[in-house]
Amino acid sequence: QIYLVESGGGLVQNGGSLRLTCTASGSIFSRSAMGWYRHVPGNQRELVATITSSGIENYADSVKGRFTISRDNAKSTAYLQMNNLKPEDTAAYYCALDESDTAGETDFGSWGRGTQVTVSS
């Protein structure tokens, strides 16, 4: 069983920054891809960023140049640094783990419970 726990969400003003953290249990973290998704009620879930075990990153167009995904395998932790936040970034953010390390949008099988990010205008 893989457990993922997110933290770091909160309320921030337009243009502000937050760093989300996702800590994983188990020993497969270092060979798995990690991803961050976000969801607004009434909308489809959106893939925000992914990073493979080798460090290949991918971003949604809406966050390119503002968000950075990273990982620390020694700590079994993934991060999402979010800068220049906008009100449209308001959502529940979830981290996810892909044991196949392909980082395809439908390949993430383990999920955290989410952390809320609210950006005020």
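In what follows, the accompanying structure is described. (Residues numbered from 1 in each chain as written. Predicted model: local features only at pLDDT ≥ 70, side-chain atom pairs only at ≥ 80, totals over all residues. Heavy atoms only, no water.)

### Details of the packing of aromatic side chains
Note the threshold: When two rings of Phe, Tyr or Trp (its six-membered ring) have centres within 6.5 Å they constitute a pair, described as stacked for plane angles under 30 degrees, edge-to-face for angles over 60, and tilted for the intermediate range. To qualify as a helix, a DSSP run of H or I must reach at least 4 residues; to qualify as a strand, a run of E must reach at least 2; elements of each kind are numbered from the N terminus. Note on exposure labels: buried denotes an accessible area under 20% of the residue type's maximum, exposed denotes more than 50%, and partly exposed covers the range between, all computed with a 1.4 Å probe on protein chains only.
Here the structure, examined in full by the defined rule, presents 2 aromatic pairs. Here the aromatic rings of Tyr 37 and Phe 108 are separated by 5.8 Å at their centres, their planes lie at 80°, and the arrangement is edge-to-face. Here Phe 108 lies in the loop between strand S9 (91-98) and strand S10 (110-111) and Tyr 37 lies in strand S4 (residues 33-39), a separation of 71 residues in the sequence. With respect to burial, Tyr 37 and Phe 108 carry one shared label: buried.

### Structural notes on the environment of Leu 47
Put simply, the rule is: Pairs of residues are marked as contacts when any of their non-hydrogen atoms sit within 4.5 Å.
Relative to the elements of secondary structure, Leu 47 occurs in strand S5 (residues 46-51). The exposure class of Leu 47 is buried, given its relative accessible area of 17%. Considering only alpha carbons, one finds Leu 47 and Glu 105, 58 residues apart in sequence, at a separation of 6.9 Å. What Leu 47 contacts, discounting residues up to four positions off in sequence, is Trp 36, Tyr 37, Ala 60 and Glu 105.

### Digging into the state of the cysteines
Here is the idea: a disulfide is a covalent bond, and it sits between the sulfur atoms of two cysteines. Short version of the rule: Here, the term disulfide refers to a pair of cysteine sulfur atoms separated by no more than 2.5 Å.
Across all of its chains, the model carries 1 disulfide by this definition. The disulfide partner of Cys 22 is Cys 95, and the S-S distance across this bridge is 2.0 Å. Every disulfide takes its handedness from the sign of the S-S torsion; for Cys 22 and Cys 95 that torsion is 50°, giving right-handed. Highlighted residues: Cys 22 in strand S3 (residues 18-24) and Cys 95 in strand S9, separated in sequence by 73 residues. Its relative accessible area of 0% is what places Cys 95 among the buried residues.

### A word on the sheet that holds strand S1 (residues 4-7)
Two orientations exist for strands paired in a sheet by backbone hydrogen bonds: parallel and antiparallel. To keep it simple, the criterion reads: Think of it this way: DSSP has to see at least two bridges between two strands before they count as a pair. Angular values range over 0 to 180 degrees, each being the angle between N-to-C directions of two axes fitted as lines to C-alpha atoms, with helices fitted over their stretch in contact.
As summarised here, the arrangement of the 4 strands in space is S1-S3-S8-S7, forming an open sheet in which the pairing is antiparallel. On the outer flanks of this sheet lie S1 and strand S7 (67-72), each paired with one strand and no other. Across the sheet, the mean angle from the axis of one strand to that of its neighbour is 15°, orientation sign disregarded.

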